[in-house]
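# Structural characterization, general
The residues making up each chain are set out below.
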Amino acid sequence: MFADRCSAARGTRGERPNDPYAGVGHALRRLRDLGAADNDIIDVVRGTQAEFLFQICYLLDDPQIDEPEASHVNWGLFCTNDEGKPTEPLDGLHESVLETDPTGREMRPRSS
C-alpha cells in the first residue's frame, strides 16, 4: 500500500499528526477517502519529483542568476580525481532525468 511507503504516512494513521510533513499524510488520507487509486497518487508524486529533479539538475548545469544582488554567484559540477580535484565538467545532467525512471517508461503514462 502506498501509504505504508510514504514518509508522511504517520499523519494518515494518526501517529504524530502535527509533525513536519504530516499534512501530506492528511491530504493522502483525504484523497484515498475520495477514491483516488494508489497508482494515480504515485504518478502525481513521481511526476512532481521528476520535474523538481529536472529543475535542480538544470540549475546545476546553468547557474546564471538574474537577480543583481547574486550576479557574482557562480558554480559548477565536476568529476573529480582521487584527490578531490576537478577533472572535467559534468554537464547535461538534466538530460538524463527521464532515464532514471525505474519503470522504464521515462515518466510516460501507464498503459491502460
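You'll find the structure just up there.
This report concerns the structure included in the present document. (Residues numbered from 1 in each chain as written. Predicted model: local features only at pLDDT ≥ 70, side-chain atom pairs only at ≥ 80, totals over all residues. Heavy atoms only, no water.)

Moving on: the pattern of salt bridges. Applying the stated criterion across every chain, the model contains five salt bridges. In this structure, the salt-bridge partner of Asp43 is Arg105, at a minimum N-O distance of 4.0 Å. Here Asp43 is found in helix H4 (residues 38-61), whereas its partner Arg105 is found in the segment after strand E2 (86-89), with 62 residues between them in sequence. The salt bridge involving Arg110 is made with Asp43; its shortest N-O contact spans 3.0 Å. Of the two residues, Arg110 sits in the segment after E2 while Asp43 sits in helix H4, which places them 67 residues apart along the sequence. Assessed through its relative accessible area of 32%, Arg110 is described here as partly exposed. (Salt bridge = Lys/Arg side-chain N within 4 Å of Asp/Glu carboxyl O. Helix = DSSP H or I, 4+ residues; strand = E, 2+ residues; numbered from the N terminus. Buried < 20%, exposed > 50% of the residue type's maximum accessible area, 1.4 Å probe, protein only.)

Once that is clear, we can look at the packing of aromatic side chains. Throughout the structure, instances matching the rule amount to one aromatic pair. Considering the side-chain rings of Phe54 and Tyr58, the 6.2 Å spacing of their centres and the 15° angle between planes classify their relative orientation as stacked. Of this pair, Phe54 and Tyr58 both sit in helix H4, separated by four residues, roughly a single helical turn. Residue Phe54 is classed as partly exposed on the basis of its relative accessible area of 29%. (Phe/Tyr/Trp six-rings, centres within 6.5 Å; stacked < 30°, edge-to-face > 60°.)

By the secondary structure assignment, Arg46 is in helix H4. Look at Arg46 and you get buried, because its relative accessible area is 18%. A polar contact is formed between the side chain of Arg46 and the side chain of Asp101, at a distance of 2.4 Å. Leave out the neighbours within four places in its chain, and Arg46 touches Asp101, Pro102, Thr103, Arg105 and Met107. (Polar contact = N/O pair within 3.5 Å; in protein donor to acceptor, adjacent residues only side chain to side chain. Contact = heavy atoms within 4.5 Å.)

With the exception of glycine, the majority of residues adopt a negative phi angle, and the majority of peptide bonds are in the trans configuration. Despite not being glycine, Tyr21 has its phi angle at roughly 75°, a positive value. Examined against the element boundaries, Tyr21 turns out to sit in the loop between helix H2 (9-12) and helix H3 (22-33).

Before going further, it helps to spend a moment on H3. For H3, which comprises twelve residues, the first-to-last C-alpha distance of 17 Å matches the rise-based estimate of 16 Å (1.5 Å per residue) to within 8%. Every buried residue of H3 is accounted for by Ala22, Gly25, His26 and Leu28. Considered in projection along H3, the buried side chains sweep an arc of 160° and stay on one side of the axis. Remark: Gly35 follows H3 within two positions and exhibits a positive phi of approximately 100°. (Expected span 1.5 Å × (residues − 1). Arc of directions from axis to C-beta.)

The grouping of Phe52, Ile56, Leu59, Leu60, Val73 and Trp75 at the surface amounts to a nonpolar patch, some 500 Å² of accessible area in total. In this fold, Trp75 is placed in the loop between H4 and strand E1 (78-80). (Patch = residues over 30% accessible without salt bridge, like charges linked within 9 Å, V, L, I, M, F, W, Y side chains within 5 Å. Areas by Shrake-Rupley, 256 points an atom, 1.4 Å probe, with all protein chains shown as cover.)

It is worth spelling out the side chain of His94 at this point. Inspection of the secondary structure puts His94 in the segment after E2. Using a relative accessible area of 12% as the deciding quantity, one classes His94 as buried. If near-sequence neighbours (up to four positions away) are discounted, His94 is found in contact with Phe54, Cys57, Tyr58 and Asp61.

What follows covers the pairing of E2. Alignment of E1 against E2, held across three bridges, turns out to be antiparallel. Paired with Cys79 across the two strands is Glu88, which belongs to E2. Counting the residues that bridge the hairpin from E1 to E2 gives five residues, and of these Gly84 lies at a positive phi of roughly 85°. (Pairing = 2+ DSSP bridges.)

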